[in-house]
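Fold and geometry: a report
This is what each chain is made of:
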Amino acid sequence: MDIPPIMEPEKMVEIALKNAIKQSKAKNKTKSLKALKERESKKVFLFSKALAKRLGKAISSFPEMEKLSPFYRELADLLVNETTTKKALAQLHASKKLLRKKENQFIKEIWRQKNEKAVKKKCNEAIGRLASIVKRTKKSIKALNLARKALREIPVLQLKEKSIILAGFPNTGKTTTLKRLTGSNPKIASYPFTTKKINIGYFNEKHRKIQVIDTPGLLDRKISERNAIEKKAMLALKHLAGLIVFVVDPSNNSGYSLEEQFSLIKEISREFPHIPKIIALNKEDLCGKKEMEKAERIALQKGIKTVRQGKKHCEKALKEEIAREMKLL
Ligand SMILES: Nc1nc2c(ncn2[C@@H]2O[C@H](COP(=O)(O)OP(=O)(O)OP(=O)(O)O)[C@@H](O)[C@H]2O)c(=O)[nH]1
Ligand SMILES: [Mg+2]
């Protein structure tokens, strides 16, 4: 999620003041009190306007949590404290309003002054007061910048169409399956809470762009091995998933027995009860006929469809099954 950083308030004040001074400089050398009042009130107006604009931009560029899609919201909820963020945004909003109100009052006061010295004094007072309104948002800006840093961790995904999520123990062939399905090299994105990056690929089926997601560290372990945050991050995937493809390696080449692999499938299925699932039986070339058939038998007993995958069976069969499950046919 791309959110621009918010400038430190001191810097905002510095830039706004520099510009306001420059733009309100006298073009002619009139020395009347009226001309001075005009210049000084213009300076206050420009200063306040620039600051209010910066605050407004900071507010509008920050995503409204309520409007985020459920997937992003669930992850955002883990990463940032919604109440703190809301309070910080509310302070920025209130400061912006106060700026304009004070600016109005000060300009009126400038015009009421009787001599040059008093006008300049009032103008300085105004600048100081307006600057302090902005400087008081320092903590809020810091909180928002921290939240922004965390939210940037959330991967940018296509959310319009439901995705295929790959699951299975390490080394079973999830990334290979992703590459087989999507052809090119997967796009890499970061996913919060795992040091690993998620892999994303796309393929077209029946004029639809199907997104395939491989999430190392999330759906490749027993649920009991996960901490609460990882578990929530894992569950955020339910908002994206149209189909879970379990990659199973019946050849023992990955180091996990069929029993272990089916027990992982059972656990994950329990966490995602409403999402359709299929099994891609991988590494067929390394499997004996018996192992393959055993895996198919167990899957049949559990009521999950299987598709063979490997050197002989290319991605065509798997793509067809995916299309069927996602009701593309
Ligand atoms: N012979 C054979 N090897 C395969 C097949 N599919 C994957 N492999 C190999 O198995 C190893 C693991 O494959 P990956 O696709 O990296 O497995 P992964 O599930 O993504 O592994 P992690 O990212 O560690 O969870 C790699 O060396 C692959 O080349 C297959 O169908 N046949
Ligand atoms: Mg992998």
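Residues numbered from 1 in each chain as written. Chains lettered and ligands numbered in written order. Predicted model: local features only at pLDDT ≥ 70, side-chain atom pairs only at ≥ 80, totals over all residues. Heavy atoms only, no water.

To continue, consider the site of ligand 1. Surrounding ligand 1, one finds 15 residues, the nearest of these being K174, T175, T176, R180 and D285. Here an oxygen atom of ligand 1 and a side-chain polar atom of T176 are 2.4 Å apart. K283 is positioned with one of its side-chain polar atoms (N or O) 3.3 Å from an oxygen atom of ligand 1. A total of 650 Å² of accessible area belongs to ligand 1 in isolation, and the protein chains cover 68% of it. (Near = heavy atom within 4 Å. Polar contact = N/O pair within 3.5 Å; in protein donor to acceptor, adjacent residues only side chain to side chain. Areas by Shrake-Rupley, 256 points an atom, 1.4 Å probe, with all protein chains shown as cover.)

Turning our attention to unusual backbone geometry. Here the phi dihedral of N252 falls at roughly 75°; this positive angle occurs in a residue that is not glycine. Position of N252 relative to the elements: it lies in the loop between β5 (241–248) and α9 (258–271). Positive phi outside glycine occurs at K283, with the angle close to 55°. A residue is classified by how much of its surface remains accessible, and K283, at 14% relative accessible area, is buried. (Helix = DSSP H or I, 4+ residues; strand = E, 2+ residues; numbered from the N terminus. Buried < 20%, exposed > 50% of the residue type's maximum accessible area, 1.4 Å probe, protein only.)

Each regular strand displays side chains that alternate between the two surfaces of the sheet. In the sheet, strand β2 (residues 187–190) pairs with strand β3 (residues 197–205) via 4 bridges, with the strands oriented antiparallel. In the sheet register, A189 faces β3, and the bridge partner there is I198. Both β3 and strand β4 (residues 208–214) contribute to a ladder of 7 bridges, which runs antiparallel. Paired with I200 across the bridge in β4 is I213. Between β3 and β4, which follow one another and run antiparallel, lie 2 residues, and K206 among them has a positive phi close to 50°. (Pairing = 2+ DSSP bridges.)

The terminal C-alpha atoms of helix α5 (residues 116–135), which comprises 20 residues, lie 28 Å apart, in line with the 28 Å expected from a rise of 1.5 Å per residue. Taken as a whole, α5 has its buried residues at V119, K122, C123, A126, I127, L130, A131, I133 and V134. In a view along the axis of α5, the buried residues occupy a sector of 165°, so they form one face of it. Counted as exposed and oriented over 90 degrees from the buried face of α5: K117, K121 and N124. For α5, the N-terminal cap is N115; the gap from its side-chain oxygen to the backbone nitrogen of K117 is 3.2 Å. (Expected span 1.5 Å × (residues − 1). Arc of directions from axis to C-beta.)

A few words on the sheet that holds β3. Strand order across the open sheet formed by 7 strands is β2-β3-β4-β1-β5-β6-β7, with mixed pairing between neighbours. The outermost strands of the open sheet, each flanked by one partner alone, are β2 and β7 (305–308). For this sheet, the mean inter-axis angle between neighbouring strands, taken without regard to orientation, is 30°. Relative to β7, strand β6 (residues 277–281) runs parallel, the two sharing 4 bridges. What sits directly across from A280, in β7, is V307. This element, α9, spans β1 (163–167), β5 and β6 of the sheet and lies at about 165° to β5. Of the strands in this sheet, β6 and β7 are in contact with helix α10 (residues 289–302), which crosses β7 at around 160°. (Axes fitted to C-alpha atoms, helices over the stretch in contact; angles between N-to-C directions. Contact = heavy atoms within 4.5 Å.)

As a further point, take the domain arrangement of the protein chain. Per the domain assignment, the segments making up the protein chain are domain 1 (9–151) and domain 2 (163–325). For domain 1 and domain 2, the distance between their C-alpha centres works out to 52 Å. Each partner contributes to the interface: domain 1 provides 7 residues, whereas domain 2 provides 12 residues. Carbon and sulfur atoms make up 79% of the surface buried where domain 1 meets domain 2, a total of about 820 Å² over both sides. Its largest share of buried area at the contact with domain 2, domain 1 owes to F71, E74 and L78, together 66% of the area lost on that side. Remark: the boundary between domain 1 and domain 2 carries 1 salt bridge. (Domains from an automatic or database assignment. Buried area = accessible area lost by both parts, 1.4 Å probe. Salt bridge = Lys/Arg side-chain N within 4 Å of Asp/Glu carboxyl O.)

Burial of β6 is extensive: 5 of the 5 residues sit out of reach of the surface. Judged by which residues are buried, β6 turns out to be covered on both faces: K277, I279 and L281 on one side and I278 and A280 on the other are all buried. By the bridge criterion, 5 bridges tie β5 to β6 in an arrangement that is parallel. Of the residues in β6, the one forming a bridge with V247 is A280. This β-α-β element, β5 to α9 to β6, shows right-handed connectivity. Following the chain from β6 across α10 to the adjacent parallel β7, one finds a crossover that is right-handed. (Right-handed = clockwise from strand over helix to strand, strands pointing away.)

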